[in-house]
Each structure stands twice: as C-alpha cells, then as structure tokens.
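Given next are the chains, with one letter for each unit.
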Amino acid sequence: MKTRLVRPCLSALVLSAGLVQSAVSATRLCSVYVESFSVLQKQLFTGAEVFQAPQLGALPMMMGAGLPGAAQMNNDKPLALHILNLGENKTGLVVEVTPSGTAEAYLKALAGGAEAALPAPVGGVYTLENGMAAKEAGGRLFFVLKADDPAACLAAGLERLPPMPAMPGAIRVSVAPSAMVPLLDSFKKTMAAAQANPNPAAEQGRQAVSGALDFYGQLFRQVDAYHLSLNIQTEGLFIRSRLAPKAGTDMAALVAGAKPATAAQLAFVEKGSFLSFASGGGAVPERFKRQIADFYVRMLTASPLYATMQTNELASVMGHSIRLLGAPLAVTAGAPGADGTLPVQGFMNVADPAGYLNEQLALMKTPVYQTLMGKSGLTFPEPTKRSAKGLTVYSWKTDFDEVALEKAARAGLPPNLPPEQADAAAKSSVASMREMMKLFSGGYEYAATAQALLFGMGSPALIEAVAERVRAPARPGAEAERIRTVLSPSGAPHNMGRLSLGGLMGLGLAAQPELAAAAKGIPPGEGVIFTGWTVGGEMLGALLVPPSEVKAVTALTQAVQAQALQKAGAPVARPPIPPGF
C-alpha cells in the first residue's frame, strides 16, 4: 500500500470531516492502502497503455514530489493513509510508511534534510516545522502533514490500526461506516442550531439534508466495514468490494437472506444491452422497508412541489412500490430502435402477481396518485387490455404535460435566480424532457402469470417474448457465463449485470437538443460488467470497467466540451475519436 495518488481525494475528505464533530478519542474513519510504491508504478504504467492515457505514466514522478521524505521510503513495502476523527471538531490524516533506512534518517528528511537537528520527542512524537509531526512504532513511521491536533493523531495504538484488507488489488480502501455516525449526528445538530432561514426554499433544503442524514446514519450504524480494491489489468480496471454488516442488524439479515440468481434470471443478462440486471432477491426486513418508504416520503415533502400533500397519502403510494424490494428480478434494456423508442423487458417474481397488478391499477386511479404524477408533468390514461400468449396484457401510454413540467422545473430552481435565467432553465428542462419522452413513446405493458409479473416497453412484441422466455426451460445466457468467467465470484452470484456507460451517456446527451450532435458517431463501449455474492455473512462484489468504456466516455466528454466552446463562439474542431474505435 503506497500512494499519494489518492492524497488529493483524501485531503478533500478530511476537510469535509473537519466541518463536523465526533467522539472523544481518535477513531479511524477510512484508510487507503497501496501494496507498494513500485507496484503502484507498474499499475499506472499498465493503465497508461491499456486506457491510452499517457498522463497516468507521469503520475509516479508527481506523487514522489508531493510526499515529504519520499526518497527515504522503502518502495517495496506498503504505504497507508488513515483519516482519523479526533473528536472536538478535530480531524487528521496520518501517513504510514516503512523507511528504507533508519527512522531517524526519514525524520531528518521530514525536518528539512540530513543535517537538520531533530527536536526532542514528547511522548514519542516529534513536532516538526510547517505543522508536521511524526512517530515511529512497530518498525513503521507515522506522520501527519498538517492537523488540528498532531499529538492526538499520533497517540498510542497506531500499530494496532487495521491492516490492509485481504483482497486482490494494488490499491485498497477500508471504510468504517459506523464510525462516521457521530460525524453525521454532529452535523445534524449544527444544522438544527443554526438560525432559521426565513427563505422557505432554504428551510426545505435543510429538511431534505436532515432526512438524508437520518436515513444514511441508520444504514451506517449497521455496517462494521466496507472494503474496496482496485487493480488495472489488460482487460481493464477491476474493482472488488466487501460489505461486512454488524451482527443482528437489518443489514445483516438482508445479506443473510440474499438468494442466488436463477438460470431464468441470468438469461436476461445480454451482450450489447445498455443495461442488464438479474437478482435472486431475498428476504428484506419489514422495518427496513418502512425506513426506505419514510425516507422517500420525507424527501418528497421537503420539495416545494409536494409540500402540501399529506404524508400518509404519499406513504400509501410508496408503500406499494416498496413491497417489491427483495423480489427476484430480471431486466434488460437495449439500444433505441429506428423509431427512437427504448426497448425494455423483464419479469419479477412476486407473491400473487395478479393481485399486485390489480392493486396497482386501483392505486393509479386514486386522487393522490393522480396528483403526484400530475405535479411531475406525467399522466397515465386508463390502460387498454389485450390478450397475448394466453395472458391479459395491460398497455399504457405516458402523456407529457409540458405546462405542468415547466411548473415543476421552476419549483426546483433557486428563488433568487434572475427571471431571464429561470426562464431559460425551465424551458431547457422542458426541451430535454420532450426529447427524453421519445424513448418512452412506445408505451409500456404489464401482465401477470401465476408466479411472475411481466413487463415490456417499446413494442408489444417485447412482453410477448418475455412470456415465452419464462415458460421455456431455464438456461443461463452466454453473457452471464462470460461474466462469471471473467469476474470469478467465489460463490453463486446473487446479482449480475452489465451497464453501457457510453451508451447511457449518449442517450442523456441526445435528450439535450444543444448537445445531441456531440453524441453522434461515437460508438458506445463494450459495457461495464459486475456481479455480487455472499460469503460468511458478507456481501462481496466484483466489477470490470473495460478500456472501451473509458474511451467512449472520454470521447463523449471531449465532444461536449468542444460543443460548448463552439456555442460560446470559439471555432473549435471536433476532437479526434480515440484509437480503437
């Protein structure tokens, strides 16, 4: 573990943490480990070649210049950076290295050179110039570049900081979510103590932030650790993860209840799709479902658009959708067809599918549902019915109310925005939605079998194909088998999928009239692939970002930048398409 690659990001985290308060003693919040600086160099050189990004190859020199005393560091030993919460509104970043020679030589390098005189240590801590301090423990050297309380950062017990997690990856990140809860609680108290702002929009924003802190705080309390590792190989960037929940929590029950995806679900993971996802589902604690429903209701009522609606009415709508949490699911979405519509198809295994569908039909007729959708600018006329493949299929067409949408867009704008800017922003939102709605112009359909709720969007043939697929003998598709081979999960996959970042980014750009031209002619990447599984009460995951995805997103970003410059009046030629396209 050796890196300064992550140092700028970590510094930002430390600054953010400094705004809030914690417990009374030093608590580790997050650690970033690098296998060794020499390994990191090899990784960056590989990345420069694989992603055709020469700037990655220049990073080792920049990092060496950015870390004090780096010349005295053993490049073949681990490097770590620890973010600590010191309490009393104090935070610190501790760098952990192994000296190549003696600790004294490294300390002198930090102090200014080999001839520098070291100050006498106090409690083993050397206080150096420019806010730096250092301490040797267990054959390792720990130092802080700048902190509110260097001595607290370097207190006893540094050698007992958690070691690098046992995961493949040159860079590994270990986060302690439960240790972050005091920070969230302190920030919430600071918000509550602040003088009330007479601006309704500001108060609603504060309520939204408070609701988010409550929700994520209760999630963080249930997680002991979250580990992440990154490794660059010729296939691309591999990211692996481990989620370790606290025993006896809803999160632990959620992980324990996760079921492997079936062959029928994995068959919907299709090569070339913009999005494919399959999940075996599992038992979700009722309390957890209620917490999620309450969170969404709180977020809605914090918006000026829905502030006048009753929370119990909104809860009835959210509660219906929340019931689907944990339902086994398979879905795939392809590239838009010649007519511009987005083809989507899939199914969910729910208890009493026909009953659930009937409840949904009844819910859509209620005044609260009609009001909720109407405020968003979308309306759903009464569905039509048809028979297909022995099923009753319900078909909807989504209507788009531009007046209501513009009103919704204006409600989300800052109240002090100049009128001409507000008009432009609102009209731009409507124009983007007008383009986006073309993706859904084919309508969508639902049908119920004895075991599953089927859905399709784009054309009637899609849901009919789903009906045939769920009745046929279950066989996992070739793409699912490829993903399993590439990512090598150590257990039966609970979920699996692929995501075309370039394709989805292109869709988003196509929905913005002024940027649509920038997305044309740039092919999407081959897709990010991922899977998750459970082992020993933990949720493990693996993800691969192939080079083609990075190239596609880079090309689209450059094209958008060129478009913006051209709009501003600068004569900018379209950037070249990266090699390999």
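Criteria and thresholds
Residues numbered from 1 in each chain as written. Predicted model: local features only at pLDDT ≥ 70, side-chain atom pairs only at ≥ 80, totals over all residues. Heavy atoms only, no water. pLDDT = per-residue confidence, 0-100. Contact = heavy atoms within 4.5 Å. Salt bridge = Lys/Arg side-chain N within 4 Å of Asp/Glu carboxyl O. Helix = DSSP H or I, 4+ residues; strand = E, 2+ residues; numbered from the N terminus. Buried < 20%, exposed > 50% of the residue type's maximum accessible area, 1.4 Å probe, protein only. Arc of directions from axis to C-beta. Polar contact = N/O pair within 3.5 Å; in protein donor to acceptor, adjacent residues only side chain to side chain. Phe/Tyr/Trp six-rings, centres within 6.5 Å; stacked < 30°, edge-to-face > 60°.

Draft legend 1. The confidence of the model for the protein, seen in detail. Summing up the model confidence of the protein, the mean pLDDT is 83 and the portion of residues at 70 or higher is 88%. Confidence over residues 1–24 falls short of pLDDT 50; this stretch has 75 contacts with residues more than four positions distant or in other chains.

Draft legend 2. The arrangement of the pattern of salt bridges in detail. Using the criterion set out here, one finds 20 salt bridges in the structure. We note a salt bridge from Glu538 to Arg242, for which the minimum N-O separation is 3.1 Å. Of this pair, Glu538 sits in strand E21 (residues 538–545) while Arg242 sits in strand E9 (residues 236–245), and the two are 296 residues apart along the sequence. Taken together, the shared-partner salt bridges in this structure form one network comprising Lys188, Asp214 and Arg298.

Draft legend 3. Representation of helix H14 (residues 367–376). Within the span of H14, buried status applies to Val368, Tyr369, Leu372 and Met373. Down the axis, H14 shows its buried residues gathered within 125° of arc, on one side only. Considering only its buried residues, H14 is in contact with helix H11 (286–301), helix H12 (311–322), helix H13 (353–363) and strand E13 (378–379). Residue Gly377 follows H14 closely and has a positive phi angle near 95°.

Draft legend 4. Structural detail: the side chain of Ser36. Tracing the sequence through the fold places Ser36 in the loop between strand E1 (27–34) and helix H2 (37–50). Relative accessible area serves as the criterion here: at 3%, Ser36 is assigned to the buried category. Polar side-chain contacts of Ser36 include one of 3.0 Å to the side chain of Ser38.

Draft legend 5. Examining the packing of aromatic side chains more closely. Within this structure, the stated rule accounts for twelve aromatic pairs. On the basis of an interplanar angle of 85° and a centroid distance of 6.1 Å, the ring pair of Tyr444 and Tyr446 is categorised as edge-to-face. According to the relative accessible area criterion, Tyr444 is buried, its value standing at 18%. Of the residues examined, Tyr446 reaches a relative accessible area of 24% and is grouped as partly exposed. Chaining the aromatic ring pairs together yields one cluster made of Tyr394, Trp396, Tyr444, Tyr446 and Phe455.

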